[in-house]
Amino acid sequence: MSRRELILQELGLWPVWVPRSRAGAAPDGTLPSGTPAEGTRGATLDAAPEALLEGAPGSRAERIARMDWPALKEAVRTCTACPLHAGRKQAVFGVGDERADWLFVGEGPGAEEDARGEPFVGQAGRLLDNMLAAIGLQRGRDVYIGNILKCRPPGNRVPEPSEAAACEPFLLRQIALSKPRLIVALGKTAASNLLGTDASIGSLRGRLHDLRGTPVLVTYHPAYLLRNLADKSKAWEDLCLARETMQRLKAPAPAPR
Ligand code: SF4
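Being a predicted model, the structure only gives us computed values, none of them experimental.

Cut-offs applied
Residues numbered from 1 in each chain as written. Predicted model: local features only at pLDDT ≥ 70, side-chain atom pairs only at ≥ 80, totals over all residues. Heavy atoms only, no water. Helix = DSSP H or I, 4+ residues; strand = E, 2+ residues; numbered from the N terminus. Expected span 1.5 Å × (residues − 1). Buried < 20%, exposed > 50% of the residue type's maximum accessible area, 1.4 Å probe, protein only. Contact = heavy atoms within 4.5 Å. Pairing = 2+ DSSP bridges. Near = heavy atom within 4 Å. Nonpolar A, V, L, I, M, F, W, Y, C, P; charged D, E, K, R; others polar.

(A) The arrangement of helix H6 (residues 122-134) in detail. Over its 13 residues, H6 runs 18 Å from end to end, which matches the ideal 18 Å to within 8%, given 1.5 Å per residue. Taken as a whole, H6 has its buried residues at Gly 122, Ala 124, Gly 125, Leu 127, Leu 128, Met 131 and Leu 132. Check the buried side of H6 and you find it contacts strand E2 (102-106), helix H5 (111-116), strand E3 (143-147), strand E4 (182-186), helix H10 (222-227) and helix H11 (232-250). Among the residues trailing H6, Gly 136 stands out with phi positive, at a value near 75°.

(B) Seen up close, helix H8 (residues 188-195). For H8, a buried count of 6 out of 8 residues is recorded, marking the element as mostly surrounded by other parts of the structure. Buried within H8 are the following residues: Thr 189, Ala 190, Ala 191, Ser 192, Leu 194 and Leu 195. Contacts from the buried residues of H8 go to E2, helix H7 (161-178), E4, helix H9 (201-204), strand E5 (209-211) and strand E6 (214-219). Phi for Gly 196, located one or two positions after H8, is positive at around 65°.

(C) View of the pairing of E2. Counting buried positions along E2 gives 5 out of 5 residues, so the element sits mostly inside the fold. Along E2, one buried face is formed by Trp 102, Phe 104 and Gly 106 and the opposite face, lined by Leu 103 and Val 105, is buried too. Here E2 pairs with E3 via 5 bridges, running parallel. The residue bridging Leu 103 from the neighbouring strand is Tyr 144, located in E3. Bridging between E2 and E4 involves 4 bridges; their strand directions are parallel.

(D) Layout of the site of the ligand. Close contacts around the ligand come from Cys 79, Ala 81, Cys 82, His 85, Arg 88, Lys 150, Cys 151, Ala 166, Cys 167 and Phe 170, and that covers them all. Across the shell around the ligand, the residue classes break down as 7 nonpolar, 1 polar and 2 charged.

By themselves, these observations are geometric and do not establish any function.
In structure tokens, the structure reads:
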């Protein structure tokens, strides 16, 4: 058993639980050749017109799963795989240290993010920065911040399942490339899509989940916390659990008996 598996076993996270929707996918997010993908991740998306994907063999998800950072950024920048591309000023790829131990995942860009091309700017972004600072982290230093969706939904509505599914291969590739030790899902949309569940934040927070071998914690989205100050103390508990979990993940592996 590898060191990572030993640590995950210590945390009660091994063997890996694979969400039903993702069963059959390879650890790097690649779906086996010929596997009909869930929702819209099938023939429609195989016809995605991103210039980068044209002419490459394999399904769209497979092609994305082979990309390096520059190719992935270019594929996101030019993506037209779901209708959200039509209303965006620009796609918002993600920001931070591409080899970070921490990955924070939100929902999608709002108006300010769409204008500036960076996730979590504005008031919610400032709160996220404060949340990071509370556990000794700083945007861009050992932290990467991304979203389920790369393009802004109109009126900041919740993403349609088909839009989230179309964008999923990009986030899975970001995870495979950055190899975070811990993912923190910010809000219901991030948690639902990462974990393949419709359960409430209240029932998901406070315990560790797993995404293909990477531990996942769930907490509230900063935009929600701005409207629901009473839940800030719960978010603080979640951050403390996240800090503790990271300390355990970084601790030396137990010696074999
Ligand atoms: Fe492509 Fe994602 Fe933007 Fe949809 S939201 S157009 S899948 S990058």
